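Spelled out from the first residue to the last, the chains are:
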Amino acid sequence: MQFTCGKFQLDLTTPRVMGIVNVTPDSFSDGGKFAATNLAVEHALKLAEEGADILDIGGESTRPNATPVSMQEELDRVIPVIEGLVKHFKQDKQINIPISIDTYKPQVMQAAIAAGASMVNDIRAMQEENALQIVAKSRVGVCLMHMQGTPQSMQQNPQYNDVVNDVKEFLAARLQASIHEGVAKNRILLDPGFGFGKTREHNISLLQNLESFADLDQPLLVGLSRKSVLGQVTGNDVNARLYASIAASVLAAQKGARILRVHDVKATVEALKIVSAIL
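A. Layout of the overall build of the protein chain. Summing up its helical and strand segments, the protein chain has nine helices and 10 strands in all. Here the protein chain holds 279 residues, and 57% of them are scored as buried. A separation of at least 24 residues holds for 69% of the contacts in the protein chain among residues at least 6 apart in sequence. Taken as a whole, the protein chain presents about 12,000 Å² of accessible surface, with 49% of it coming from carbon and sulfur.

B. Focus on the side chain of Ser-118. With respect to the secondary-structure elements, Ser-118 resides in the loop between helix H3 (106-115) and strand S6 (119-122). The class for Ser-118 is buried, based on a relative accessible area of 7%. The residues touching Ser-118, leaving out its near neighbours within four places in the chain, are Cys-5, Gly-6, Phe-8, Pro-98, Ile-99, Val-140 and Gly-141.

C. Looking closely at the packing of aromatic side chains. Summed over the entire model, instances satisfying the criterion amount to zero aromatic pairs. Of note, Arg-124 hangs over the ring of Tyr-104, and the distance from its end group to the ring centre comes to 3.9 Å.

D. Here's a closer look at the pattern of salt bridges. A full pass over the atoms with the stated rule returns 12 salt bridges. The salt bridge partner of Asp-102 is Arg-261, with a shortest N-O separation of 3.2 Å. Here the residue Asp-102 occupies a position in strand S5 (residues 99-102), and Arg-261 occupies one in strand S10 (residues 257-262), the gap between them amounting to 159 residues. Of the residues examined, Asp-102 reaches a relative accessible area of 10% and is grouped as buried. On the basis of relative accessibility, which here comes to 17%, the residue Arg-261 falls in the buried class.

E. Examining a nonpolar patch on the surface more closely. Taken together, the side chains of Ile-274, Ile-278 and Leu-279 present a nonpolar region at the surface, about 380 Å² in accessible area. Secondary-structure assignment places Leu-279 in the segment after helix H9 (265-278). Given a relative accessible area of 68%, Leu-279 falls into the exposed group.

F. Just the pairing of strand S2 (residues 8-11), in detail. Side-chain alternation along S2 places Phe-8 and Leu-10 on a buried face and Gln-9 and Asp-11 on a face that remains uncovered. Pairing of strand S1 (residues 2-5) with S2 involves four bridges; the strand directions are antiparallel. Along S2, the bridge assignment pairs Thr-4 with Gln-9. What sits between the antiparallel neighbours S1 and S2 is a turn of two residues, in which Gly-6 has the positive phi angle 60°.

Rules behind the numbers
Counting restarts for each chain, with residues numbered from 1 along the sequence as it is written. Local features are withheld for residues below a pLDDT of 70 in this predicted model, meaning they are given only at 70 or higher, and side-chain atom pairs are given and counted only at 80 or more; totals for whole chains, interfaces and linings count all residues. Side-chain descriptors were evaluated using all non-hydrogen atoms of the structure, hydrogens and water having been removed beforehand. Secondary structure elements follow DSSP: runs of H or I no shorter than four residues count as helices, runs of E no shorter than two count as strands, and numbering proceeds from the N terminus. Buried, partly exposed and exposed residues are distinguished by accessible area as a fraction of the type maximum, computed with a 1.4 Å probe on protein chains only: under 20%, between the cut-offs, and over 50%, respectively. Any two residues whose heavy atoms approach within 4.5 Å are treated as being in contact. For the area figures, the Shrake-Rupley method with a 1.4 Å probe applies, and any residue is considered shielded solely by the protein chains shown. Each pair of aromatic rings taken from Phe, Tyr and Trp, with Trp reduced to its six-membered ring, is defined by centres within 6.5 Å and is described as stacked if the planes are under 30 degrees apart, edge-to-face if over 60, and tilted in the remaining cases. Lysine NZ or arginine CZ positioned within 6 Å of the ring centre and within 35 degrees of the ring normal marks a charge as sitting over the ring. A side-chain nitrogen of Lys or Arg and a carboxyl oxygen of Asp or Glu constitute a salt bridge if their distance falls within 4 Å. Any residue with relative accessible area above 30% and no salt bridge may belong to a patch, with like charges joined within 9 Å and the nonpolar Val, Leu, Ile, Met, Phe, Trp and Tyr side chains within 5 Å. Between any two strands, at least two bridges found by DSSP are needed for them to pair.

See the structure below:
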């Protein structure tokens, strides 16, 4: 299984790791740590050295109850980081991996692609006006994620008829819309959206039944790193969820996830090497 994003071809025969780079003051886990451009670039390069296969740059927190930011503020946060990484990759030929932009705003997508991003990671699954057209006209990859509600409302009593089937039906519809718009299948990832409008029980049910998403015949991206469901199970706060995050990533990989979106890259890379060797 191959995933094409820009000039990059990722072989997904074995699970890959996407490193999270939050250029925000208020993300749920590491908000503020890397808000300055130079710190964000340094952190991203560290994740690349630790084995990240993709770097996901985000300029707006999507944690529950997060405050939305303006388009200009998001651009001011992420574009210098993308440009800084592209410049470094040109100078240092030893590390050159895809850069993903984590945004739902079409204007930010367009500017990020122009700056050198090879992928768009969209929590709204390309439902904003012109988003699909922008991605279709480019060569970038895209991740379509399921979310019930918005970050401001998503954890206010989320309900489903059947969470697994409901999420699958939504992703199937967005997949077909993307293909219809001209996005090739090998440029598309799907994400069930753990923690985005789901209770503890919903999240656990999705992970238990992750194999069933193989019906969609698209590679899955899974983001469980440091999520609240892990804290609900272990009782640990967000800064003490490393072991739980590794366990969740390993289980997700065993159940078919091809890309794991994580904060702790080195630990996850090593765990997934064992998964790959055994499987």
